[in-house]
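Here is how the chains run, residue by residue.
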Amino acid sequence: MSNASNEMCTLWYDDSAQQLKIIDQTRLPHDLQIMVIDTLQQACDAIVCMHVRGAPLIGITAAFGVHLALKKDPDTLAQACDQLAKTRPTAVNLQWALSRLRDGLVSVPQHQRADAALEMAKTMLAEDAAACSAIGDFGLALLQEIQAAKQERGGSPVINVLTHCNAGWLATGGWGTALAPIYKAHQAGMPVHVWVDETRPRNQGASLTAWELAHSGVPHTLVVDNAGGHLMQHGMVDVCLVGSDRTTASGDVCNKIGTYLKALAAFDNQVPFYVALPTSTIDFELDDGVRQIPIEQRAGDEVSHVSGLDDAGVIRKVAISPPGTSISNFGFDVTPARLVSGLITEKGVFPATTKGLQDIKSRV
């Protein structure tokens, strides 16, 4: 485990055992368990059941899943990619990773494809960690600007960041996206405090982001999802930082359900609202996020039930709504580009406009 937690890594390939290993995120924060992924089906299940989650990590897991499929049968490239592509529809990193695997392996002799796929998957993992580190550097510079402006107005040097869901190293190859600037700021000695949305229905803020921040010693406070507007009205938020599962060529941002409401509150209270994402999360083929991005609908029991640790130290799942209640469970929403202050990528910070996205594309 030391090679995972110490390096901000939630997924790694154990070369000695020739196994893919992950932190089982469904057990956090109460139980730190390592899962071994040995087959294509296990990789698919890990994505669907959210043992791994976060747009970048889903793509990386899929890449290793292709390797596992080819290791068993080198003639299954197309089938493996098709099976993995059906696991979750919203995060574009999944399709990006699979397209990269298909294009890179189609000309490789079949008996060499498994090894080639493994090297490609390892490369994607390392590239994502490097991209997220760069996002953190660009985001840190932004936080420093916000801090300087706040102090010029006579304010406290403490920067209060509101984030939604989990966009940290648990969701990526390392560092995270929205949390990367926060980690960089903390390591640089900047006083930073994070308002952590609980993020219903799976409570990824409460269970994952709070766990991550505590792990790194970053001051934070857990709040209910609907508290963000109140905090902004009372000047308790200096900046909103969120991640993205898919961003369009016009700057629309699809992220965990509830992000749009935070953006509206931020706009109404003149609070900067930034989105941190690697360029692999940008879908340059789409222009209208509300109309074109497929929004995943998940099982109703994620809403009707919650899991937690009881007084006896046992993780239990309990119902919180009457039996038979009709349930809608959209996993994501779309924040229009007009509400986004900027996009923090590994290439720099860009406006959420068609021109800004074109500038990003020219540097990819």
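See the structure shown above.
This is a predicted model, so every value here is computed, not measured.

### Quick word on the nonpolar core
Inside soluble globular proteins, nonpolar side chains tend to come together where they are buried.
Moving on, step 1. Among the nonpolar cores identified, the biggest contains 40 residues, and Leu-11, Phe-64, Val-66, Leu-84, Leu-101 and Leu-105 are the most heavily contacted of them.
Moving on, step 2. At the level of elements, strand S1 (11-14), strand S2 (19-23), helix H2 (40-48), helix H3 (55-72), helix H4 (77-85), helix H5 (92-105) and helix H6 (110-152) are the ones that each hand at least two residues to this core.
Moving on, step 3. Looking at this core element by element, the count peaks at eleven residues for H3.
Moving on, step 4. Not counting chain neighbours up to four residues away, the residues in contact with Val-66 comprise Leu-77, Cys-81, Leu-84, Leu-98, Leu-101, Leu-105 and Ala-117.

### As for the packing of aromatic side chains
Moving on, step 1. Counted according to the given criterion, the structure contains two aromatic pairs.
Moving on, step 2. Here the aromatic rings of Tyr-13 and Phe-64 are separated by 6.0 Å at their centres, their planes lie at 10°, and the arrangement is stacked. In this pair, Tyr-13 is assigned in strand S1 and Phe-64 in helix H3, connecting sequence segments 51 residues apart. In terms of burial, Tyr-13 and Phe-64 fall into one category: buried.
Moving on, step 3. Here Trp-169 and Trp-211 contribute two aromatic rings whose centre-to-centre distance is 5.9 Å and whose plane-to-plane angle is 50°, an arrangement assigned as tilted. Here the residue Trp-169 occupies a position in the loop between strand S4 (159-163) and helix H7 (180-187), and Trp-211 occupies one in helix H8 (residues 204-216), the gap between them amounting to 42 residues.
Moving on, step 4. Owing to a relative accessible area of 17%, Trp-211 belongs among the buried residues under this scheme.
Moving on, step 5. Of note, Lys-184 hangs over the ring of Trp-175, and the distance from its end group to the ring centre comes to 4.2 Å.
Moving on, step 6. Cation over ring: Lys-256 sits above Phe-332, and NZ or CZ is 4.6 Å from the ring centre.

### Focus: the sheet that holds strand S6 (residues 220-223)
Moving on, step 1. Spatial ordering of the open sheet is given by S6-S5-S4-S7-S10-S15-S16, a layout of seven strands whose pairing is mixed. The outermost strands of the open sheet, each flanked by one partner alone, are S6 and strand S16 (348-350). The mean inter-strand angle of the sheet, taken between neighbouring strand axes irrespective of direction, is 25°.
Moving on, step 2. Alignment of strand S15 (residues 342-345) against S16, held across three bridges, turns out to be antiparallel. The residue of S16 that forms the bridge with Leu-343 is Phe-350.
Moving on, step 3. Across the sheet, helix H10 (residues 259-268) is in contact with S4, strand S5 (192-197), strand S7 (239-242) and strand S10 (273-276); its angle to S10 comes to roughly 145°.
Moving on, step 4. Contacts between helix H13 (residues 354-363) and the sheet are confined to S15 and S16, with S16 contributing the most and set at about 150° to the helix.

### As for empty space enclosed by the protein
Moving on, step 1. Evaluation of the coordinates by the stated rule reveals two cavities of 30 Å³ or more.
Moving on, step 2. Forming the walls of the largest cavity are 20 residues, and the residues nearest its centre are Arg-53, Gly-54, Ala-55, Asn-166 and Asp-245.
Moving on, step 3. Breaking the lining of the largest cavity down by element, the ones donating at least two residues are H3 and strand S9 (253-256).
Moving on, step 4. With three residues, H3 is the single largest residue contributor to the lining of the largest cavity.
Moving on, step 5. A per-class count over the lining of the largest cavity returns eight nonpolar, eight polar and four charged.
Moving on, step 6. For the lining of the second largest cavity, the class distribution of residues is three nonpolar, two polar and four charged.

### Looking at the pairing of S10
Moving on, step 1. Burial of S10 is two-sided: the residues Phe-273 and Val-275 facing one way and the residues Tyr-274 and Ala-276 facing the other way are all buried.
Moving on, step 2. Relative to S10, S7 is paired through three bridges, and the arrangement is parallel. Looking at S10, one finds that Leu-241 is bridged to Tyr-274.
Moving on, step 3. Relative to S15, S10 runs parallel, the two sharing three bridges. Within the sheet, the bridge partner assigned to Ala-276 lies in S15 and is Ile-344.

### Observations regarding the sheet that holds S2
Moving on, step 1. With antiparallel pairing, the three strands of this open sheet are ordered in space as S1-S2-S3. The outermost strands of the open sheet, each flanked by one partner alone, are S1 and strand S3 (34-37). Shown here is a sheet whose adjacent strand axes are inclined to one another by a mean of 30°, direction ignored.
Moving on, step 2. In terms of strand pairing, S2 meets S3 through four bridges, oriented antiparallel. For Leu-20, the partnering residue across the bridge sits in S3 and is Ile-37.
Moving on, step 3. Strand contacts of H3: S1, S2 and S3, with the helix running at about 25° to S1, the strand carrying the most contacts.

### Some points on the environment of Pro-323
Moving on, step 1. Of note, Pro-323 is situated in the loop between strand S13 (315-319) and strand S14 (332-335).
Moving on, step 2. For the pair formed by Pro-323 and Leu-208, sequence separation is 115 residues and the distance between their alpha carbons is 28 Å.

### Quick look at unusual backbone geometry
Moving on, step 1. That bond from Leu-28 to Pro-29 is cis: its omega, 10°, falls within 30 degrees of zero.
Moving on, step 2. Note on placement: Pro-29 falls in the loop between S2 and S3.
Moving on, step 3. We note that Met-50 has phi near 65°; this positive angle belongs to a residue other than glycine.
Moving on, step 4. Tracing the backbone shows Met-50 in the loop between H2 and H3.
Moving on, step 5. According to the relative accessible area criterion, Met-50 is buried, its value standing at 2%.
Moving on, step 6. For Thr-199, which is not a glycine, the phi torsion comes out positive at approximately 65°.

The rules we used
Residues numbered from 1 in each chain as written. Predicted model: local features only at pLDDT ≥ 70, side-chain atom pairs only at ≥ 80, totals over all residues. Heavy atoms only, no water. Core = buried A, V, L, I, M, F, W, Y, C linked by side-chain atoms within 4.5 Å. Buried < 20%, exposed > 50% of the residue type's maximum accessible area, 1.4 Å probe, protein only. Helix = DSSP H or I, 4+ residues; strand = E, 2+ residues; numbered from the N terminus. Contact = heavy atoms within 4.5 Å. Phe/Tyr/Trp six-rings, centres within 6.5 Å; stacked < 30°, edge-to-face > 60°. Lys NZ or Arg CZ within 6 Å of the ring centre and 35° of its normal. Pairing = 2+ DSSP bridges. Axes fitted to C-alpha atoms, helices over the stretch in contact; angles between N-to-C directions. 1 Å grid on protein atoms, 1.4 Å probe; cavity = no way out; pocket = protein on both sides within 12 Å on 5 of 7 lines; lining within 4 Å. Points joined across faces, edges and corners; volume = space filled by probe spheres on them. Nonpolar A, V, L, I, M, F, W, Y, C, P; charged D, E, K, R; others polar.

Purely geometric stuff here, so don't read any function into it on its own.
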